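Survey of secondary and tertiary structure
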Amino acid sequence: MTNSLHPLTIGIAWCLAWGEGREPQFDLSILQQMREALLQGKDVPEALKCLLQTVRQLQGIPQDYFPDKITDLKNNYPNLWEQTTRIGLVYGGATKIKGYVFESAKIQDIRGASALLDRINLIDLPAFFNQKPPSSRYTIQYQEVRRWLDSSISSQHKISEALIPELIIYSTGGNILAFCPAAFVNDLANAIEKRYTEETLTANSCAVGATFKLLEIRFGMLQGEIEKTLWLDWYRRNYEKPLVQAYFGLPQNETQRVEAFKNRKSFNELTAKLAALFNQRRSGHDFSGRPSRRYPPMLETHPYLMRDGSERRSAVTIVLPPDLPKESRFSEVSARQHRVGYRAKKGSPQVPEWYRNSNLNWESIRFEGWIDKFQLFLDKNPNLSQKYYGGFEPSHIEIAQNLSHIANSSKNFLAYIYADGNNMGGYIQKEIKTPQDYQEFSEDVSLATEYAVYQALAEKLHPHKLQNLTTDEESSLNNGDLIHPFEIITIGGDDIFLIVPASKALAIAQFIGERFEKILLKQVPLVEAKTAAEQIKGNYRITPSHKPIDLKRCHRYKPTEAAPSECKLSTSIGVLMTAYNTPVYYAKDLINQLLTSAKERAKKLKKAGYYGGTVDFMTLKAVTMISSDIQEFRQQALTKNLKPKLKLYAAPYTLHEVGGLIKSIEALKKAKFPKSQLYQIRNLLERGKHTAILNYRYFRVRLKQGKKELQDQFESAWCQPKDPTNKGNLAPWMYDDGVLEDDKSDYPLFETIWRDIVDWYDFITLSEDSEEPEAERAINEVES
């Protein structure tokens, strides 16, 4: 019997046993026997025992071992030093994803484009490696992909026979990283690019690969003659040179220099090389022995030919009612997207009649949308399911067919939520040293991201009954129909893109950010979340610092009540609230800018000891409100160069501050603060600090009720003066001394959340209690 090995160690042993040729150096049946024996903890064939011993040595190197001299490796691990068989490593995936997904403004086409990319990444590419799909519903798709792979690459042995599931490091977030036998590196990279092109026709993709020595998996890039590799002794002599500093960083002392060198000389250095090759190929650089990627897929058009719905390509088919609610023109690309995004009343996966009649010969077997996955999640979590459905019958609930359906529950306004992870690169560079670490990290982050989204939707939303719909030729839903009031565009790796009702956008964004951290820390209180937390393998808790953290530098809302950062990873989130008929391509550009702004705020807050999430948002009441750049708009329209300087906005916010903003709006609603006075105070902000303070106090004194709520949740919570001995407040202003800014020329200044309060006032509800009677009435109507 043998001790169990990590699956990736089995994959490495497979590559060594296969060798560097296109034909295995041992009989294929012997290799398969070795794999089965290692999976079951049994003895391997005699011919492979020596090779397996070498792999075990690699796995057995202590985590804290790092030689001072490169020759120490030869003395301590002679078998690894002498092992010359190279192992392939391939990295690839889709690029310019948003350009493909948001090519059309129709939600079904967006949904279809996203689902198609997800299926390629999560089902097709793992199928290259004989990894069984997560559901039996994909069995036919899995078999078709295997046949396609072997027919695409000619070899005496099928390439599918050279690939096994244990070679995959990760396949999430639109990318795949995997080992393979050295001879198939280019073939596998070509197959990845070809699969994306053949399935989507126009989506961009890129894949690269390289081969490495066995020791390089543990100690980074080595010279052909290992003893000539520049090592720690060389680094100590040359660390002050600019080129060396650009590669290893700027450590301040000997301990930091050793740590910087160790962090770089690990498996990270191999992935960094692949990332550089990936960027070169994506930019058009040609690689020897591979087809050029300089010429992206293009479809001919002609000024006298009819275009498809997006006006990008010539139409190849026209679909008339009743096959679709409205006459529609499709190119082959848009037909595939619409077909994948198509959902019958109960999510039937069958090929729609209109597509069969189009005579297009693309056969793709199965698609599973994010709504399907959300429903599967609720099936496994009865408490959240009951909370979300609230008595509705799941089979009666439809999928939103256009953006107006999602906005129907929120005064025809919706919100785009775009989230991305913080400190991912820094964590990988410092903490991730081996392929096993990469795999564990990828699985943990994907799990935390997906669970956080599902739980946020289940906690904050409920099925919505459509009301006051206008005539829509493209929708088959009517007033009274029940829908899921959201759309998940993508959840991949640490990326999230959602469309939700505007009224719940801030609460959902805050919940996702907080729940992501709690899941990684294994501290979520719900039973369903505990199941997720038990699967988290890594330790993401911040080591407590002996230096106290001044929370007043991190949070403007009740800093003493904010919890200190505990998780090394977090999310930055952009939220754009807008009318449902705002062009998607326009909203996409703005939400990207908001996410960038939130991430910049997170970097500044990190200096103060805050590692949590940040949120930047904007309400777009009209398309003409912003021409192109949000930062420019804020500087020109919302910043007053008076003395002192005034900022009429306070975004971005921390997650704690977002919760405070919601509470402040709820306090104003409870106080029944007159809306006319809300708008008057907002307009008076532009007249200067003292004028705004005077008018705010005038309106506040005249309030007949709610003064205490306003004082607790706005004045005392947000508007404290700089001097802690001063018992007054600056309402409606907040003091900012620019302590987190590198350039302090514009500081100190005063900023306010009042404009944000006014923008969100009509959309934030006091509590879910007011929604219960409406839900009960809807249930009764459905039952009757």
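Predicted model, so just to flag it, every value in this text is computed and none were measured. Sequence order as written defines the numbering, with residues in each chain counted from 1. Totals for whole chains, interfaces and linings use all residues, but because this is a predicted model, local features are given only for residues with pLDDT of at least 70 and pairs of side-chain atoms are given and counted only at 80 or more. Here the side-chain values reflect all heavy atoms present in the structure, with hydrogen atoms and water set aside.

Next up on the list: the overall build of the protein chain. The helix and strand inventory of the protein chain stands at 32 helices and 19 strands. Only C-alpha atoms enter the radius of gyration, while the globule expectation follows 2.2 Å times N to the 0.38, with N the number of residues. Its C-alpha radius of gyration of 29 Å places the protein chain within 12% of the 28 Å reference for a compact globule of 784 residues. Using a 1.4 Å probe on the protein chains alone, a residue whose accessible area is under 20% of its type maximum counts as buried, one over 50% counts as exposed, and one in between counts as partly exposed. Split into buried and exposed, the 784 residues of the protein chain put 56% on the buried side. It only takes one pair of heavy atoms within 4.5 Å for two residues to be counted as in contact. Counted over contacts in the protein chain with a minimum sequence separation of 6, partners at least 24 positions apart contribute 71%. For the protein chain, the accessible area works out to roughly 35400 Å², and carbon and sulfur atoms hold 48% of it. Note on charges: Lys and Arg go in the positive column, Asp and Glu in the negative column, and His and the chain ends are not counted at all. A charged residue contributes its charge at one atom only: NZ of Lys, CZ of Arg, CG of Asp or CD of Glu. Within the protein chain, one finds 101 positive and 96 negative side-chain charges whose respective centroids are separated by 5 Å. Here a helix means four or more residues in a row that DSSP labels H or I, a strand means two or more in a row labelled E, and each is numbered from the N terminus. Shrake-Rupley sampling with a 1.4 Å probe provides the accessible areas, and residues are treated as covered by the protein chains on show and by no other component.

So, on to the packing of aromatic side chains. Working definition: rings of Phe, Tyr and Trp (its six-membered ring) pair if their centres are within 6.5 Å, and the pair is stacked with planes under 30 degrees apart, edge-to-face with planes over 60 apart, and tilted otherwise. In this structure the tally under the stated criterion is 41 aromatic pairs. Ring centres of tyrosine 696 and tryptophan 754 lie 5.7 Å apart, and the angle between their planes is 80 degrees; on these two criteria the pair is classed as edge-to-face. Taken together, the positions of tyrosine 696 in helix H29 (residues 689-701) and tryptophan 754 in helix H31 (residues 754-761) put the pair 58 residues apart, joining distant regions of the chain. There is no split in this pair, since tyrosine 696 and tryptophan 754 are both buried. Centre to centre, the rings of tyrosine 735 and phenylalanine 750 are 5.5 Å apart; their planes meet at 65 degrees, and the pair counts as edge-to-face.

Moving on, we get to the environment of threonine 200. As for its position among the elements, threonine 200 is in helix H10 (residues 185-200). Between the alpha carbons of threonine 200 and lysine 433 there is a distance of 35 Å; along the sequence they are 233 residues apart. Ignoring sequence-local partners within four residues, the contact set of threonine 200 consists of Tyr100, Leu116, Leu117, Ile120, Val333 and Arg336. Counted as a polar contact is a pair of N or O atoms within 3.5 Å, where, for protein atoms, one must be capable of donating a hydrogen and the other of accepting one, and residues adjacent in sequence contribute only when both atoms are in side chains. A polar contact of 2.6 Å, which involves the side chain of threonine 200, links it to the backbone oxygen of tyrosine 196.

Here we come to the environment of serine 266. Relative to the assigned elements, serine 266 resides in the loop between helix H14 (254-264) and helix H15 (267-282). Taking the C-alpha atoms as reference points, serine 266 and isoleucine 432, separated by 166 residues in sequence, lie 8.5 Å from one another. The residues touching serine 266, leaving out its near neighbours within four places in the chain, are Glu216, Arg218, Phe219, Gly220, Ile432 and Lys433. Here asparagine 263 takes part through its backbone oxygen, which lies 3.2 Å from a polar atom of the side chain of serine 266.

Glancing now at H10. In this model H10 runs 23 Å from its N-terminal to its C-terminal C-alpha over 16 residues, within 8% of the 22 Å that 1.5 Å per residue would give. Taken as a whole, H10 has its buried residues at Val185, Asp187, Leu188, Ala189, Ala191, Ile192, Glu193, Arg195, Tyr196, Glu199 and Thr200. Downstream of H10 by one or two residues, leucine 201 has phi in the positive range, about 75 degrees. Each residue after the first adds 1.5 Å to the expected span of a helix.

Moving on, we get to the sheet that holds strand E13 (residues 570-579). Spatial ordering of the open sheet is given by E11-E12-E8-E13-E14-E17, a layout of 6 strands whose pairing is mixed. Only two strands of the sheet have a single partner each, and these edge strands are strand E11 (487-492) and strand E17 (653-654). Two strands pair when backbone bridges link them, and strand E14 (residues 614-620) and E17 are joined in this way by 2 bridges, in the antiparallel orientation. Across the sheet, threonine 614 pairs through a bridge with threonine 654, a residue of E17. Where helices are involved, their axes are fitted lines through C-alpha atoms of the stretch in contact, as for all axes, and angles between N-to-C directions lie from 0 to 180°. The sheet strands contacting helix H23 (residues 505-520) are strand E8 (413-422), strand E12 (495-501), E13 and E14, and the helix crosses E13 at an angle near 170 degrees. Two strands form a pair only when DSSP identifies at least two bridges running between them.

What follows concerns a nonpolar patch on the surface. On the surface, a nonpolar cluster with roughly 280 Å² of combined accessible area is contributed by Met306, Ile318 and Leu320. You can see leucine 320 is positioned in the loop between strand E5 (317-319) and strand E6 (328-330). Overall, leucine 320 belongs to the partly exposed group, its relative accessible area being 46%. To count toward a patch, a residue needs a relative accessible area over 30% and no salt bridge; like charges are then connected within 9 Å, while nonpolar side chains (Val, Leu, Ile, Met, Phe, Trp, Tyr) are connected within 5 Å. Basic side-chain nitrogens of Lys or Arg form a salt bridge, by our definition, when they fall within 4 Å of a carboxyl oxygen of Asp or Glu.

A few words now on the packing of helix H22 (residues 435-460) against H23. The geometry of H22 relative to H23 is characterised by a closest axis approach of 8 Å and an angle of 140 degrees between their N-to-C directions. The angle between H22 and H23 places the two elements in the oblique class. For the element pair H22 and H23, the recorded crossing hand is right-handed. In this structure, H22 uses Asp444, Val445, Ala448, Thr449, Tyr451, Ala452, Val453, Gln455, Ala456, Leu457, Glu459 and Lys460 to contact H23, whose residues at the interface are Ala507, Ile508, Phe511, Ile512, Arg515, Phe516, Ile519 and Leu520. The residue classification treats Ala, Val, Leu, Ile, Met, Phe, Trp, Tyr, Cys and Pro as nonpolar and Asp, Glu, Lys and Arg as charged. All others, Gly included, are polar. Among the residues forming the contact of H22 with H23, the class breakdown is 14 nonpolar, 2 polar and 4 charged. Angle categories are assigned with fixed cut-offs, so that under 35 degrees is roughly parallel, over 145 is roughly antiparallel, 65 to 115 is roughly perpendicular, and the rest are oblique. Here a crossing is taken to be left-handed if its near helix is turned anticlockwise relative to the far helix by less than a right angle, and right-handed if that turn runs clockwise.

The next thing to look at is the pairing of E14. In terms of residue burial, E14 counts as a mostly covered element, since 7 of its 7 residues are buried. By the alternation rule, side chains of E14 split into Thr614, Asp616, Met618 and Leu620 and Val615, Phe617 and Thr619, which are all buried. Bridge analysis of E13 against E14 gives 7 bridges, and the strand direction is parallel. Bridged to isoleucine 573 within E14 is valine 615.

Let us look at the sheet that holds strand E4 (residues 204-212). Neighbouring strands of a sheet are bound in pairs by backbone hydrogen bonds; such pairs are parallel or else antiparallel. Read from one edge of the open sheet, 4 strands run E2-E3-E1-E4, paired in antiparallel fashion. Edge positions in the sheet fall to strand E2 (168-172) and E4, since each has one partner strand and no second. Along the sheet, successive strands turn relative to each other by an average axial angle of 20 degrees, direction set aside. With 9 bridges connecting them, strand E1 (residues 87-95) and E4 associate as antiparallel partners. Following the sheet pairing, threonine 95 is matched in E4 by asparagine 204. This element, H15, spans E1, E2, strand E3 (175-181) and E4 of the sheet and lies at about 140 degrees to E4. Seen against the sheet, H22 touches E2 and E3 and runs at an angle of roughly 25 degrees to E2.

Tallying each qualifying case throughout the model produces 34 salt bridges. Arginine 541 is the salt-bridge partner of glutamate 566, the closest N and O atoms lying 3.1 Å from each other. Of this pair, glutamate 566 sits in the loop between helix H24 (527-533) and E13 while arginine 541 sits in the loop between H24 and E13, placing them 25 residues apart in sequence. Judged by its relative accessible area of 32%, glutamate 566 falls in the partly exposed class. Connected via shared salt-bridge partners are Arg119, Asp124, Glu144, Arg195 and Glu199.

Here we take up unusual backbone geometry. Cis geometry marks the peptide bond from lysine 643 to proline 644; its omega dihedral reads 0 degrees. With respect to the element layout, proline 644 can be found in the loop between strand E15 (639-640) and strand E16 (645-647). In this chain, alanine 731 is followed by proline 732 through a cis amide linkage whose omega measures 10 degrees. Along the polypeptide, proline 732 turns up in the loop between helix H30 (707-718) and strand E18 (734-736). Unlike most non-glycine residues, asparagine 412 shows phi in positive territory, near 65 degrees. Within the fold, asparagine 412 resides in the loop between helix H20 (403-407) and E8. One non-glycine residue, lysine 522, lies in positive phi territory at about 60 degrees. In this fold, lysine 522 is placed in the loop between H23 and H24.

By the secondary structure assignment, asparagine 268 is in helix H15. One polar contact links the side chain of asparagine 268 to the main-chain carbonyl oxygen of glutamine 429, over a distance of 3.5 Å. Among all residues touching asparagine 268, those that are not within four sequence positions of it are Asn263, Ile428, Gln429, Ile432 and Tyr438.

So far we have only geometry, and geometry alone does not tell us how the molecule works.
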